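Here are the chains, one letter per residue:
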Amino acid sequence: MPNAIDVTDLTVAYRDTPVLWDIDLAVPEGVLMAIVGPNGAGKTTLIKAMLGLVDVAAGQTLIYGEPYARQRSLVAYVPQRGSVDWDFPTSVLDVVMMGLYGRLGWVKRPGKKERAAALEALDKVGMQDLADRQISQLSGGQQQRVFLARALVQDAQVYFMDEPFQGVDATTERAIVTLLQELRQAGKTLVVVHHDLQTVPEYFDWVLLLNVRRLAVGPVAEVFTEENLRLTYGGRIPFVQAASVNEP
Amino acid sequence: MTPAQLDIQLIAAVTAAACALPGVFLVLRRVSLMSDAISHAILPGLVLAFFVTENLASPLLIVAAAATGVLTVVLIEALSRTERVKEDAAIGIVFPILFSVGVILIARFASGVHLDVDAVLLGELAFAPFNRFEVGGVDLGPQALWVMGPILVLNLVFLAVFFKELKLSTFDAGLAAALGFAPGALHYALMTLVSVTAVGAFDAVGSILVVALMIAPPATAYLLTDRLTTMLGLSAGIGVLSAIAGYWTANLFDTSIAGAMATMAGVAFALTFAFAPERGLVAQAQRRRSQRRTFAEKMLTVHLLHHENTPQEERECRVPHLQEHLRWSPDFARLAVDAAVRDGYVLRDADRLSLTEPGRAWAQESMVD
């Protein structure tokens with residue numbers, strides 16, 4: 001049984017400055033993993049590099065033992081909410097159906113089946129009533145739910161999510177965490193860029209500590225230690241109380 | 001209407017629709033100025049191809065000019081990727097150079113032929129009907145129609161076939177790439193389409209007006225709808241209407257047809273910008289006014305509720321007092337009180353105000369929100 005994600009020697013550079021430096025990463029199936037690290041640590045770049053969205057200087061990523069290009073149907077990607085133009089003339093339902101475009105392939109248009117699947121995914125995130133809403137009328141939390149529904153509809157094995165909690169209210173955050181944990185229980189693998197160190201032990205079972213290099217990766221109980229956080233954040237650990245961090 | 005008049009309007013309408021369709025994606029991708037760059041930079045391609053074929057009607061002209069248009073996009077993007085130059089500056093550097101090379105080539109080597117700078121800038125729609133497309137001596141209509149017609153069909157087919165892909169890569173290029181939809185290739189396909197359309201329209205309306213027809217109708221439609229398919233249809237419709245209105249305006253004032261068409265596209269935008277049902281200036285001002293009035297009514301009922309059955313009631317619940325206490329001008333106070341009375345929230349007895357039962361409920365509700 002291969003790992004859900006296997007990254008070897010992944011290096012991404014901006015001219016001669018490394019953004020990610022020789023990352024090795026093996027994520028077993030069925031874990032909910034946070035990527036944490038300071039600003040500029042390369043968290044988003046890591047996700048994009050694994051998905052082939054940025055040029056890599058070296059290294060490779062395997063999804064269930066095969067290159068990503070051959071496993072697209074197994075992977076769902078939730079980009080940062082701010083990466084798209086929410087004034088785009090389209091509806092909530094339409095955005096969710098975009099998650100199914102990969103399965104449809106070129107030229108073929110979404111039909112009744114896709115509509116039904118998208119409505120079901122919207123139901124899961126509690127947004128079925130807003131299916132026909134123009135996307136510019138959504139709140140930040142609703143936008144994030146739409147993106148989540150778009151990933152759910154793909155029915156993937158591996159989910160990459162870039163800051164799904166950014167700018168959402170507490171209720172939405174709770175709802176999203178519950179969904180992520182349900183996905184994990186269903187055997188899916190989730191990799192989530194996360195900012196709030198405080199909630200890592202509560203939400204996640206695995207964690208990757210990243211700051212250009214891989215500082216530590218593994219079960220939260222083992223690697224989410226004060227020492228590792230100090231290594232990652234260079235001595236200063238922001239927003240975290242000693243109590244929420246496991247002592248070494 | 002003479003047959004020539006009909007021909008001109010037909011050419012203008014087909015050109016406007018053909019320009020508006022790819023223009024929608026330029027506007028949504030925020031690369032509107034690419035149309036400006038492309039429509040000018042195709043000139044040297046056109047001139048060089050003319051030197052080779054010595055025939056203004058040769059299809060090679062369109063191919064060469066469209067290739068120059070795509071080259072322009074490649075150069076602009078390569079230049080802005082160096083990060084030494086921002087994209088807007090890159091556009092400003094690349095296309096004037098290419099355009100001026102074209103101008104020099106015409107002035108130096110083609111002064112004797114029917115290819116001049118005025119026609120390049122403004123086109124020559126008025127003469128278009130006299131340029132006929134004939135096969136074996138049979139007149140099949142104006143040549144410009146046989147250029148723009150197929151280009152319109154090409155645009156329609158491309159947008160219909162790749163609608164889903166264009167929508168996804170325009171909205172979320174990252175997801176498009178992750179799902180394997182090659183957003184880069186789609187981008188260049190779209191730019192090729194813009195180039196071909198610009199070359200065809202160039203002949204009819206000139207390079208400046210191509211920009212007006214590509215950008216103004218989609219920008220207008222964007223104010224009127226929030227569905228992409230509707231936006232495409234509206235854009236084409238607004239383009240066609242601007243073209244026909246422009247023709248008759250030019251007729252009336254005996255002026256440049258292409259200029260009048262672009263002016264009408266601008267007028268359509270200005271009118272929509274002012275009067276669009278939801279996003280127009282007037283609608284927005286109305287909405288703000290009504291929000292202000294509703295809020296004033298709320299403040300009034302809350303104020304009355306607050307002082308109801310208190311010793312100050314006699315003093316506080318009077319119209320003149322509102323001016324001082326809520327800092328309302330006498331006019332605004334009267335407006336708010338009138339509105340509250342009309343909505344049945346407040347009773348007025350001379351200067352004395354009191355809440356009705358619905359007014360009391362509304363005030364309580366307002367405070368909870």
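Placed above this text is the structure.
Residues numbered from 1 in each chain as written. Chains lettered and ligands numbered in written order. Predicted model: local features only at pLDDT ≥ 70, side-chain atom pairs only at ≥ 80, totals over all residues. Heavy atoms only, no water.

A. Looking closely at the sheet that holds strand E1 (residues 5-14) of chain A. Residues and elements named next belong to chain A. If you trace the 4 strands from one edge of the open sheet to the other, you get E2-E1-E4-E5, paired in antiparallel fashion. The sheet is open, and its two edges are formed by strand E2 (17-27) and strand E5 (66-67), each paired on a single side. Examined bridge by bridge, E1 and strand E4 (residues 58-63) share 5 bridges and lie antiparallel to one another. Looking across to E4, one finds that aspartate 6 is bridged to leucine 62. The sheet contacts of helix H1 (residues 43-50) involve E1, E2 and E4, and relative to E1 the element is tilted by about 115 degrees. (Pairing = 2+ DSSP bridges. Helix = DSSP H or I, 4+ residues; strand = E, 2+ residues; numbered from the N terminus. Contact = heavy atoms within 4.5 Å. Axes fitted to C-alpha atoms, helices over the stretch in contact; angles between N-to-C directions.)

B. Region of the structure containing empty space enclosed by the protein. Residue and element names in this part refer to chain B. Per the counting criterion, the structure on display carries 1 cavity of 30 Å³ or more. Estimates place the volume of the largest cavity at around 30 Å³. Lining of the largest cavity is provided by Ala144, Val147, Met148, Gly200, Asp203 and Ala204. Elements that contribute at least two residues to the lining of the largest cavity include exactly helix H6 (143-161) and helix H9 (183-222). Counted by class, the lining of the largest cavity contains 4 nonpolar, 1 polar and 1 charged residues. (1 Å grid on protein atoms, 1.4 Å probe; cavity = no way out; pocket = protein on both sides within 12 Å on 5 of 7 lines; lining within 4 Å. Points joined across faces, edges and corners; volume = space filled by probe spheres on them. Nonpolar A, V, L, I, M, F, W, Y, C, P; charged D, E, K, R; others polar.)

C. Representation of the pairing of E1(A) within the structure. Residue and element names in this part refer to chain A. Of the pairings in the sheet, the one linking E1 to E2 comprises 7 bridges and is antiparallel in character. Its bridge partner being in E2, leucine 10 is matched across the sheet by isoleucine 23. The antiparallel pairing of E1 with E2 creates a hairpin that spans 2 residues between the two strands, and arginine 15 there sits at a positive phi of about 50 degrees.

D. Geometry of the interface of chain B and chain A. Of the residues lining the interface, 30 residues belong to chain B; the matching set on chain A comes to 32 residues. Carbon and sulfur atoms supply 61% of the area that chain B and chain A bury against each other, a total of about 2,800 Å² over both sides. The salt bridge involving Arg30(B) is made with Asp85(A); its shortest N-O contact spans 3.2 Å. The interface formed by chain B and chain A includes 16 residue pairs in polar contact (both at pLDDT 80 or more). Those elements giving two or more residues to the side of chain B that touches chain A turn out to be H6, helix H7 (163-171), helix H8 (173-178), H9 and helix H10 (228-253) of chain B. In terms of residue count, H7(B) provides more of the side of chain B that touches chain A than any other element does, 7 residues in total. (Buried area = accessible area lost by both parts, 1.4 Å probe. Salt bridge = Lys/Arg side-chain N within 4 Å of Asp/Glu carboxyl O. Polar contact = N/O pair within 3.5 Å; in protein donor to acceptor, adjacent residues only side chain to side chain.)

E. Structural view of the packing of helix H3 (residues 59-81) of chain B against H9(B). Residue and element names in this part refer to chain B. In contact at an axis separation of 8 Å, H3 and H9 are set at 135 degrees when each is read in the N-to-C sense. Judged on the interaxial angle alone, H9 and H3 are oblique. Seen along the crossing, H3 lies across H9 with a hand that is right-handed. For the pair H3 and H9, the contacting residues are Leu61, Ile62, Ala65, Ala66, Gly69, Val70, Val73, Val74 and Glu77 in the first and His187, Tyr188, Met191, Thr192, Ser195, Val196 and Val199 in the second. Looking at the contact of H3 with H9 residue by residue, the class counts come to 11 nonpolar, 4 polar and 1 charged. (Parallel < 35°, antiparallel > 145°, perpendicular 65-115°, else oblique. Left-handed = near helix turned anticlockwise from the far one by under 90°.)

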